[in-house]
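# Structural features, examined
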Amino acid sequence: MIAIGLDRDALGDELIHAATVVWLEGVRDGAATFTDARGVVSTLLEAPLYTAAVLVQERGSLAEKRLLRWLDDRGVTARVPVMEWCLERRADGIARILKEITRLVSVSARGRVQGFRELSALRQMNEDLQNRFAALEGFLARRGLQPHDLVFSNDPEIDPSHPNLMAEFAADGIAQILPVASDGVSAIGIHFERPPLDGDARLVAQLVSLEDQRILDRWVVPAADIATGWTVLGLTRALAGVRRTLELRLKLQGDEHSLPGLSLGGLQPIEMFRIRNAATGAAILKNSLALQVWCGLPGVSLPGWATVIPAVSPDSLRDGFRDEPVAPGIVDLAELANPDEVSFDFAAVVAVPHERGVQVHPPATGMTIGRLPAVCPPHVIRISATASVANPQARPVDFAIVVAADVGRAKALFAGQRLPMPGEAFSGWMKADGEDARRVSAFMTDQIDAWQSIFVATRMHEPGDNSFAWARFSDISLMVNE
């Protein structure tokens with residue numbers, strides 16, 4: 001509540017202790033200055049979220065008009081009630097204020113319920129979209145049909161005066177920064193004016209991210225595979241994840257007089273995109289290399305029909321999304337996380353190693369929460385599992401997955417009492433029965449450098465009979481962003 005021209009004694013201790021009351025000091029340059037009951041001064045550029053009333057000694061003062069105009073300018077659409085406050089009629093004033101607070105709480109509650117409904121619908125839409133994308137990605141990979149588009153091409157310029165760069169810089173090699181974003185880059189084409197004369201010569205190429213100097217992929221191309229024209233170097237997987245600045249480094253092994261002639265592109269006005277000495281980083285020409293850059297779906301392998309030279313990078317140098325099933329030993333760690341709320345004559349949470357899964361029996365009312373303690377590593381972006389009910393006689397069961405640090409945080413997410421924080425994930429609830437298996441996925445909000453626990457929960461879709469409800473999370477997998 002905002003008071004204008006009123007003494008503290010005029011409000012009474014009951015009102016000051018029951019709500020936050022501030023006194024308006026003035027409005028200037030788009031900011032309002034207030035003082036609270038402890039004498040703390042605050043200057044606000046935006047209106048308070050919940051203003052129950054403006055209390056004045058007398059209506060129509062200049063300070064009142066400035067405050068109301070300031071509130072209107074900041075999008076306070078509902079007119080805040082202005083009340084003339086009198087100590088003798090304090091009971092009536094408090095009743096009006098309580099009525100306004102009740103209205104604000106009711107509006108806020110309706111907004112939160114509507115927000116949660118919309119969030120649930122968006123999560124379901126996102127889940128459906130991710131499942132369709134995963135199915136499409138698998139189909140493209142099996143059939144070798146991944147789109148493979150040319151996104152950048154710097155055509156060669158034929159000029160006999162161009163030096164043979166590979167011969168001149170045989171010891172250090174040359175480097176070229178790619179003028180494209182790293183997302184989806186799946187192949188790089190380089191143009192040769194003529195092939196090498198020495199059949200034993202080899203082209204060694206590396207793709208490096210300048211931010212962390214990581215070697216993303218590496219190629220060793222025999223001279224026999226190099227011909228006049230374009231030679232395309234294919235990455236192990238299309239790049240994904242954090243955007244990086246890419247640099248292609250080329251070096252040849254063999255007789256320097258028989259090395260291939262690299263084609264050059266046109267003059268490059270921007271120095272960082274000129275051909276550079278790989279060892280010193282200094283520009284050696286005002287040209288850039290004749291280059292092609294191809295892109296595909298991030299994280300997906302190249303199509304089978306692509307006539308490219310594959311990379312020879314070890315697995316540790318791969319970049320992109322990698323979906324890994326959990327090891328059977330991980331699900332052996334499964335335990336009941338809420339024993340104070342759930343009790344059966346049998347184990348409520350049981351590992352199913354041969355399915356890489358966990359069986360979580362739901363209670364008639366409430367939910368059963370299983371925990372895989374500290375098994376979710378950093379860099380995970382998605383946790384998925386197939387939700388199913390083993391017995392067709394069972395009634396429908398709801399399934400959900402949460403990633404959190406402890407069971408208290410997990411319970412709040414399962415109950416819809418808050419949104420996931422950085423490093424947490426919540427799949428939302430999904431229904432399955434004995435005739436229908438569904439894929440449940442929880443996506444991390446932001447990655448943090450800490451191991452988290454995975455919580456899996458089941459509940460009856462309609463509270464009541466939980467007979468035969470042998471609910472399982474099978475084929476649990478983690479998608480890692482390397």
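What you see is a predicted model; the values in this text were computed from it and never measured. Numbering of residues starts from 1 in each chain and follows the order in which that chain's sequence is written. The predicted nature of this model means local features are confined to residues of pLDDT at least 70 and side-chain atom pairs, given and counted, to a pLDDT of 80 or more, with totals for whole chains, interfaces and linings taken over all residues. The side-chain values count all of the structure's non-hydrogen atoms but skip hydrogen atoms and water molecules.

Moving on: the environment of Ser-263. As for its position among the elements, Ser-263 is in the loop between strand S14 (261-262) and strand S15 (264-267). The spacing of Ser-263 and Leu-291 is 28 residues in sequence and 8.9 Å in space, taken between C-alpha atoms. Ser-263 has contacts with Pro-156, His-191, Phe-192, Glu-193, Leu-289 and Ala-290, leaving out every residue within four places of it along the chain. The term polar contact refers here to a pair of N or O atoms within 3.5 Å; inside protein, the definition further demands a hydrogen-donor-capable atom paired with an acceptor-capable atom, and it admits residues adjacent in sequence only when both atoms are side-chain atoms. A polar contact is formed between the side chain of Ser-263 and the side chain of His-191, at a distance of 2.6 Å. Here Glu-193 takes part through its backbone nitrogen, which lies 3.2 Å from a polar atom of the side chain of Ser-263. Think of it this way: any DSSP run of H or I at least four residues long counts as a helix, any run of E at least two long counts as a strand, and we number them from the N terminus. Any pair of residues with heavy atoms lying within 4.5 Å of one another is described as a contacting pair.

On to the nonpolar core, then. Nonpolar cores are built from buried Ala, Val, Leu, Ile, Met, Phe, Trp, Tyr and Cys residues. Side-chain atoms within 4.5 Å join them into one set. Between buried and exposed lies partly exposed: a residue is buried under 20% and exposed over 50% of the maximum accessible area for its type, with that area taken using a 1.4 Å probe on protein chains only. Core analysis: the biggest nonpolar cluster contains 34 residues, and Val-358, Ile-383, Phe-399, Ile-401, Ile-454, Phe-473 and Ile-476 have the highest contact counts within it. Looking at this core, the elements with two or more residues in it are strand S23 (357-360), strand S24 (368-376), strand S25 (380-389), strand S26 (397-404), strand S28 (430-432), strand S29 (438-443), strand S30 (452-460) and strand S31 (471-481). For Ile-383, the contacting residues outside a window of four places in its chain are Cys-376, Ile-401, Val-403, Val-440, Ser-441, Ala-442, Met-444, Ile-454, Ser-477 and Leu-478.

Let us look at helix H3 (residues 62-73). With twelve residues, H3 extends 17 Å between its outermost C-alpha atoms, agreeing within 8% with the 16 Å of an ideal straight helix rising 1.5 Å per residue. Those residues of H3 not exposed but buried are Glu-64, Leu-67, Leu-68, Trp-70 and Leu-71. Projected down its long axis, H3 shows its buried positions confined to an angular sector of 160°, all on one face. When the buried face of H3 is taken as reference, the exposed residues oriented beyond 90 degrees from it are Leu-62 and Asp-73. Here the buried face of H3 lies against strand S1 (2-4), strand S2 (22-28), strand S3 (31-36), strand S4 (41-44), strand S5 (54-56) and strand S6 (82-84). Note on H3: the residue one or two positions beyond its end, Gly-75, has a positive phi of about 80°. A helix is expected to reach a length of 1.5 Å times the quantity of its residues less one. To obtain the arc, one takes the directions from the helix axis to the C-beta atoms.

Quick look at the sheet that holds strand S13 (residues 246-253) now. Only strands joined by at least two bridges in the DSSP assignment are considered to pair. Read across the open sheet, the five strands follow the order S11-S10-S13-S8-S16; overall the sheet is antiparallel. In the strand order of this sheet, the two ends are held by strand S11 (214-222) and strand S16 (276-277), each with one partner. For strand S10 (residues 202-209) and S11, the ladder comprises eight bridges, and the chain directions are antiparallel. Counted as the bridge partner of Gln-206 is Arg-218 from S11.

For this analysis, a salt bridge means a side-chain nitrogen from Lys or Arg found within 4 Å of a carboxyl oxygen belonging to Asp or Glu. Scanning the entire structure with this criterion turns up 14 salt bridges. Between Arg-28 and Asp-29 there is a salt bridge, and its shortest N-O distance comes to 4.0 Å. The exposure class assigned to Arg-28 is exposed, which follows from its relative accessible area of 67%. A relative accessible area of 74% means that Asp-29 is categorised as exposed. Across the pair Arg-59 and Glu-64 runs a salt bridge, and its minimum N-O distance is 3.2 Å. Its relative accessible area of 43% is what places Arg-59 among the partly exposed residues.

Our focus in this paragraph is helix H7 (residues 407-414). Among the residues of H7, those classed as buried are Ala-410, Ala-412, Leu-413 and Phe-414. Buried residues along H7 sit against S24, S26, strand S27 (425-426) and S30. The N-cap of H7, judged by a side-chain oxygen 3.1 Å from the amide nitrogen of Gly-408 a few residues on, is Asp-406.

With mixed pairing, the six strands of this open sheet are ordered in space as S4-S3-S2-S1-S5-S6. The sheet is open, and its two borders are formed by S4 and S6, each paired with just one other strand. Across the sheet, the axes of successive neighbouring strands diverge by a mean angle of 35°, strand direction being ignored. Bridge count for S2 against S3 is six bridges, and the pairing is antiparallel. What sits directly across from Val-22, in S3, is Asp-36. Between N-to-C directions, angles span 0 to 180 degrees; the directions come from axes that are lines fitted to C-alpha atoms, helices contributing only their stretch in contact.

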